[in-house]
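Analysis of the macromolecular model
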Amino acid sequence: MKDQLLELEERAIEEIEAVHDLSELEKFRIKYLGKKGQVTSFMKNVGGLAPEERPKIGKLANLVKTNLSQRFQEAKKTLISGKGDRAELFDATLPGREPLRGHLHPITLVIKEVCQIFSRMGFRVVKGPNVELDYYNFEALNIPKDHPARDMQDTFYISDNVVLRTHTSPIQVRVMETRKPPVSVIAPGKVYRRDSDVSHTPMFHQVEGLLVDRDVSFGDLKGTLTSFVHQMFGGDTRLRFRPSFFPFTEPSAEVDILCVICGGKGCRTCAHTGWLEILGSGMVDPEVYRFVDYDADIYSGFAFGMGIERIAMLKYGIDDIQLFFKNDMQFLRQF
Ligand code: DAH
């Protein structure tokens, strides 16, 4: 009896070690541990044994059953988790799983493109702090504390003298403070204003440009920005310089391009004007030079600043600025 039982156990162990998959494992379970399985039947027979044999064999049969059940559970776990050294679980002929490949965000792409265009024209890329002193954000740009121009930009104040920069223009002042002309820089970065709707987000991106040297004229400004627009939007893009006001430039101009949606006929996107504003610019106001110790009689220069989201929306035909910050993969995968 005892030998029979041990033989049965040995056979069962050999079999379970050769099991390759879950269906084989189930066959094993039915064969040995199922209701009519060999171990189960054996245990049913224990009752018919001689009384002196019964406890010994019964105990042994229980041990065998526990042992096989444990092995069954372990094999099941390994098969389900796919771990273990069962070589046949690894199918070398299956195609590999391609890792998801990310790419740059459309805003980053546009910033890079703008910086590349100006780099080719000799501008150097610089950065400035996002948390800025009131002095650089406003004061030194010829926007005194009580000036109504401050109302144009609804500002996040950190304290009386510290703000989240509302534009990248303060970088102009920081550059001029530390370098003598000639300077030509391009400065991308995040800016912050208390604003939120389909065309405004509380954080957005700008790129600032500044060039100061001897004999810089408005013609240089026009030539530089025209070349930029043609490289960014295509060589046949029409643009216009529209007189405007900024406290830190004089004269000032805003640059419009012919509406990319309606081609100038007038539509909702261009508020039926046929034109789309893409940037502010002008000749650096001599007042600003006073803050940085540049001699306005010797030097002149131009500056410009553009909103990157706006450029990206026009370039790609996007009508909702919030899309840039929603992390919607369906949107982002298109770039
Ligand atoms: N800083 C301005 C704004 O955020 C844009 C701007 C206008 C920048 C004229 C300039 C400039 O450098 O010359 O609205």
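Scroll up a little and you will see the structure.
What this report covers is the structure whose coordinates are included nearby.

Thresholds, definitions, all that
- Residues numbered from 1 in each chain as written.
- Predicted model: local features only at pLDDT ≥ 70, side-chain atom pairs only at ≥ 80, totals over all residues.
- Heavy atoms only, no water.
- Pairing = 2+ DSSP bridges.
- Helix = DSSP H or I, 4+ residues; strand = E, 2+ residues; numbered from the N terminus.
- Contact = heavy atoms within 4.5 Å.
- Axes fitted to C-alpha atoms, helices over the stretch in contact; angles between N-to-C directions.
- Near = heavy atom within 4 Å.
- Polar contact = N/O pair within 3.5 Å; in protein donor to acceptor, adjacent residues only side chain to side chain.
- Areas by Shrake-Rupley, 256 points an atom, 1.4 Å probe, with all protein chains shown as cover.
- Nonpolar A, V, L, I, M, F, W, Y, C, P; charged D, E, K, R; others polar.
- Parallel < 35°, antiparallel > 145°, perpendicular 65-115°, else oblique.
- Buried < 20%, exposed > 50% of the residue type's maximum accessible area, 1.4 Å probe, protein only.
- Core = buried A, V, L, I, M, F, W, Y, C linked by side-chain atoms within 4.5 Å.
- Left-handed = near helix turned anticlockwise from the far one by under 90°.

Here we look at the sheet that holds strand 7 (residues 239-246)
Pairing within the open sheet is mixed, and its seven strands lie in the order 1-5-6-10-9-8-7. The sheet is open, and its two edges are formed by strand 1 (124-125) and strand 7, each paired on a single side. The sheet contacts of helix 8 (residues 218-233) involve strand 7, strand 8 (249-258), strand 9 (275-284) and strand 10 (299-307), and relative to strand 9 the element is tilted by about 150°.

Description of the sheet that holds strand 4 (residues 162-164)
Pairing within the open sheet is antiparallel, and its three strands lie in the order 2-4-3. Strands at the two margins of the open sheet, each flanked by one partner only, are strand 2 (131-133) and strand 3 (157-159). Shown here is a sheet whose adjacent strand axes are inclined to one another by a mean of 35°, direction ignored.

Observations concerning the site of the ligand
What surrounds the ligand is a group of 16 residues, the closest being His-167, Ser-169, Gln-172, Arg-193 and Glu-208. Within the side chain of Arg-193, a nitrogen or oxygen atom sits 2.8 Å from an oxygen atom of the ligand. If the ligand stood free it would expose 360 Å²; the protein chains cover 92% of that surface. The set of elements that each furnish at least two residues to the shell around the ligand consists of strand 6 (203-214), strand 9 and strand 10. Partitioning the shell around the ligand into residue classes produces four nonpolar, 10 polar and two charged.

Structural notes on the packing of helix 5 (residues 106-120) against helix 10 (residues 308-316)
The interhelical angle for the contact between helix 5 and helix 10, taken along N-to-C directions, is 100°, at an axis separation of 9 Å. With respect to helix 10, the element helix 5 is oriented roughly perpendicular. On helix 10, the residues that touch Ile-107, Val-110, Ile-111, Glu-113 and Val-114 of helix 5 are Ile-308, Glu-309, Ile-311, Ala-312, Lys-315 and Tyr-316. In the contact of helix 5 with helix 10, the residues fall into eight nonpolar, no polar and three charged.

Looking at unusual backbone geometry
Across the chain, the bulk of peptide bonds are trans and the bulk of non-glycine residues have phi less than zero. The step from Pro-181 to Pro-182 runs through a cis peptide bond, and the omega angle for that step is 5°. Its location among the elements puts Pro-182 in the loop between helix 7 (170-178) and strand 5 (183-192). Cis rather than trans, the peptide bond between Glu-250 and Pro-251 has omega equal to -5°. Note that Pro-251 resides in strand 8. A positive phi angle is found at Asp-293, which is not glycine, with a value near 65°. Within the secondary structure, Asp-293 is located in the loop between helix 9 (286-292) and strand 10. Asp-293 gets classed as exposed once you look at its relative accessible area, which sits at 65%. A positive phi angle, close to 55°, is found at Asn-327, a residue other than glycine. Within the secondary structure, Asn-327 is located in the loop between helix 10 and helix 11 (329-332).

Quick word on the nonpolar core
Formed by 41 residues in total, the largest nonpolar core has its most connected members in Val-114, Phe-118, Phe-228, Ile-278 and Met-306. For this core, the elements supplying multiple residues, two or more each, are helix 5, strand 6, helix 8, strand 8, strand 9, strand 10, helix 10 and helix 11. Per-element accounting of this core gives the leading share, seven residues, to helix 5. Dropping the residues within four chain positions of it, Met-306 is found in contact with Val-114, Phe-118, His-205, Gln-206, Val-207, Phe-228, Ile-278, Leu-279 and Ile-311.

Quick word on the packing of helix 1 (residues 2-17) against helix 3 (residues 38-46)
At a closest axis distance of 11 Å, the pairing of helix 1 and helix 3 adopts a crossing angle of 165°. Here helix 3 runs roughly antiparallel to helix 1, going by the angle between their axes. The element helix 1 and its partner helix 3 pack so that their crossing is left-handed. Judged by residue contacts, Gln-4, Leu-5, Leu-8 and Arg-11 of helix 1 engage Gln-38, Val-39 and Phe-42 from helix 3. For the contact of helix 1 with helix 3, the per-class residue count stands at four nonpolar, two polar and one charged.

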